[in-house]
Amino acid sequence: MTKDQWGALQSQLSSTIGENNYKTWIEPMEFHGVEPGGVAVFNVPTNFIGTYVSQNFGDILLAKLSGMDTDVRRLKFQVANADTRPAPAQQQPRPATQAQPAPAAAAPANSDLLPGAPLDGRFTFDSFVVGKPNELAHAAAKRVAEGGQVTFNPLFLYGGVGLGKTHLMHAIAWDLRNNRPDLNVLYLSAEQFMYRFVQALRERRMMDFKELFRSVDVLMVDDVQFIAGKDSTQEEFFHTFNALVDQNKQIIISADRAPDEIKDLENRIRSRLQSGLVVDLHPTDYELRLGILQSKVQNYREQYPALQLDDGILEFLAHRISTNVRVLEGALTRLFAFASLVGQPITMELTQDCLADVLRASDRKISIEEIQRKVAEHYHIRLSDLIGPKRVRNFARPRQVAMYLCKQLTARSLPEIGRRFGGRDHTTVMHGVKRIEELRTQDSQIADDVELLRRALEA
Ligand code: ADP
Ligand code: MG
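Computed from a prediction, not measured in an experiment: that's the story for all the values here. (Residues numbered from 1 in each chain as written. Chains lettered and ligands numbered in written order. Predicted model: local features only at pLDDT ≥ 70, side-chain atom pairs only at ≥ 80, totals over all residues. Heavy atoms only, no water.)

**Focus on the side chain of Ser127**
Looking at where Ser127 falls in the secondary structure, it is placed in the loop between β3 (74-79) and α4 (135-145). Only 3.2 Å separates the side chain of Ser127 from the side chain of His167, close enough to count as a polar contact. Sequence-distant contacts of Ser127, defined by excluding residues within four places in its chain, comprise Arg122 and His167. (Helix = DSSP H or I, 4+ residues; strand = E, 2+ residues; numbered from the N terminus. Polar contact = N/O pair within 3.5 Å; in protein donor to acceptor, adjacent residues only side chain to side chain. Contact = heavy atoms within 4.5 Å.)

Rendered as structure tokens:
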């Protein structure tokens, strides 16, 4: 990979990620060279740009680079002027160096069977925000991370994309390294497991492979759904799994769904996976999202003490971006990057402007009709009574719940919601929304109803 090749790649990138993104993020980077081990190094003006590029364009960049230069397997961003001499081989990020951009998803090295995947220095228990949706998974992860007696085997963590499975797994690995340096902890994705397996077959090193995997004390396999339908990999995984369980070695697995929902998985594997503790990470709720945003902002404040953030911005984001934590984080990163580049305080206006596309994309296409229908169904009342003029409690409360959900889940204004509820005034809607907000904290039945309905609507 030469600087000329990088030049050629740059113009390709510009059309892939768009002129604006290109100008803001890629152009300021300088290609530094490829280090031993296939690490493509870039000089960046700030850590911030490095982190942003790694998070947002890391995959594209890596794919393009490795298309041109098959030796490239990993990216590294370093702040220019700091040290532009060719650096030694890639260092593993440690929890202490949290500000360091993490290497983008690393492709497995094929020179050796040494199988561990790098751990992301930011994914620790300290940086994991606990809320109702993830408290069980967090507690189970914490327990395993102590490295005491193996009580549940395997620990199976599952949940939708971006809900913190990988974060928790890395956190366990970091803690185990500290608490039990004597243990041989191995973390890798199911994809990497397959890759090693195929490689071992090809290089006729199956004995090495088996020995290696059977000698670990703690095996962590991320995104195990990946092996579904890949028969010989499944088979080998099954044997590895059994050998370790027989030796009373801890196994930790993650997947994007529950064991019995993974298609094309052999039954014996399925039942093996279910034989320990299965815990799920639920979709985030508003409080958790707000908590995560607050904790991220705190980190930024340490880096950028001058940061000015208007009140209400985080609430707004927690409200509007409910897809997953990764998107939420990305939005915040972009917002801060933008604000610090243009040197402006973060106002609501700037936020809406800077995040217009994200906000639009995560605008759940839930309609007022849909909400009304679901609420009426839930409370076993007729739609016409929900919307109609009758003010008896049996109708009025569900109506308020429906108004509340309309406010929460759609981008409709209060007057507009009022119109769709039989031409009511916006102050009536506001009152209804406030009422449910209060009741949610006092009346667990209402809180459950709202939560249930919200989930059903967002599903
Ligand atoms: P998954 O593996 O479930 O797809 P990740 O673990 O990669 O999700 O999480 C996506 C991003 O969201 C990561 O940057 C992670 O740090 C962040 N994240 C997820 N849950 C939390 C949480 N509870 N507290 C702090 N950060 C979180
Ligand atoms: Mg993951």
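**Brief notes about the packing of aromatic side chains**
Under the counting rule described, the total for this entry stands at twelve aromatic pairs. Put simply, the rings of Phe193, Phe197, Phe209, Phe213, Phe237 and Phe241 pair up and form one aromatic cluster. Above the ring of Phe226, the side-chain terminus of Lys230 is found at 4.0 Å from the ring centroid. (Phe/Tyr/Trp six-rings, centres within 6.5 Å; stacked < 30°, edge-to-face > 60°. Lys NZ or Arg CZ within 6 Å of the ring centre and 35° of its normal.)

**A few points about the site of ligand 1**
Around ligand 1 lies a shell of 18 residues, among which Val129, Gly162, Thr166, His167 and Glu329 are the nearest. One of the backbone N or O atoms of Gly164 is found 3.1 Å from an oxygen atom in ligand 1. For the shell around ligand 1, the secondary-structure elements that each account for two or more residues are α5 (165-179), α10 (286-303) and α12 (325-342). Its residues assigned to classes, the shell around ligand 1 comprises seven nonpolar, seven polar and four charged. Residues from two domains meet in the shell around ligand 1; each of domain 2 (103-282) and domain 3 (286-362) gives at least three. (Near = heavy atom within 4 Å. Nonpolar A, V, L, I, M, F, W, Y, C, P; charged D, E, K, R; others polar. Domains from an automatic or database assignment.)

**Regarding the sheet that holds strand β2 (residues 39-44)**
Strand pairing within a sheet occurs via backbone hydrogen bonds; the two strands may be parallel or antiparallel. One open sheet holds the three strands; their spatial order is β1-β2-β3, and the pairing between them is mixed. Here the strands that pair on one side only, and so sit at the sheet edges, are β1 (30-35) and β3. On average, each strand axis in the sheet is tilted by 25 degrees relative to the strand beside it, whichever way the strands run. Pairing of β2 with β3 involves six bridges; the strand directions are parallel. Bridged to Ala40 within β3 is Leu75. (Pairing = 2+ DSSP bridges. Axes fitted to C-alpha atoms, helices over the stretch in contact; angles between N-to-C directions.)

**Some words on the confidence of the model for the protein**
Here the protein averages 86 in pLDDT, and 91% of its residues register 70 or above. Between residues 82-113, whose pLDDT stays under 50, and residues either more than four places distant or in other chains, the model counts 75 contacts. (pLDDT = per-residue confidence, 0-100.)

**Topic: helix α20 (residues 444-458)**
Taking 1.5 Å of rise per residue, 15 residues should cover 21 Å, and α20 covers 21 Å from first to last C-alpha, within 8% of that figure. Among all positions of α20, only Ile446, Ala447, Asp449, Val450, Leu453, Arg454 and Leu457 are buried. Buried residues of α20, seen end-on, are gathered within an arc of 160 degrees and therefore sit on one face of the element. With respect to the buried face of α20, the exposed residues turned more than 90 degrees away are Ser444 and Leu452. Packing partners of the buried residues in α20 comprise α15 (368-378), α17 (393-409) and α19 (426-442). (Expected span 1.5 Å × (residues − 1). Buried < 20%, exposed > 50% of the residue type's maximum accessible area, 1.4 Å probe, protein only. Arc of directions from axis to C-beta.)

**Considerations on the pairing of β2**
For β2, a buried count of six out of six residues is recorded, marking the element as mostly surrounded by other parts of the structure. In β2, alternate side chains face the same way, and those of Val39, Val41 and Asn43 on one face and Ala40, Phe42 and Val44 on the other are all buried. The pairing of β1 with β2 spans five bridges and is antiparallel. Bridged to Val34 within β2 is Ala40. Counted between consecutive antiparallel strands, the loop separating β1 from β2 contains three residues, among which Gly37 sits at a positive phi close to 90 degrees.

**Quick notes on the sheet that holds strand β4 (residues 155-159)**
Spatial ordering of the open sheet is given by β5-β6-β7-β4-β8, a layout of five strands whose pairing is parallel. Among the strands making up the open sheet, the edge pair consists of β5 (185-189) and β8 (277-281). Strand-to-strand, the axes of this sheet are offset by a mean angle of 15 degrees, without reference to chain direction. Pairing of β4 with β8 involves five bridges; the strand directions are parallel. Directly across from Leu157, in β8, lies its bridge partner Val279. Strand contacts of α4: β4, β7 (250-255) and β8, with the helix running at about 135 degrees to β8, the strand carrying the most contacts. Contacting β5 and β6 (218-222), helix α6 (residues 190-202) runs over the sheet at an angle of about 95 degrees to β5.

**Description of the environment of Arg320**
One can find Arg320 in helix α11 (residues 313-320). Here Arg320 falls in the buried class, since its relative accessible area comes to 19%. When the C-alpha positions of Arg320 and Ser54 are compared, they lie 25 Å apart, and in sequence the two are 266 residues distant.

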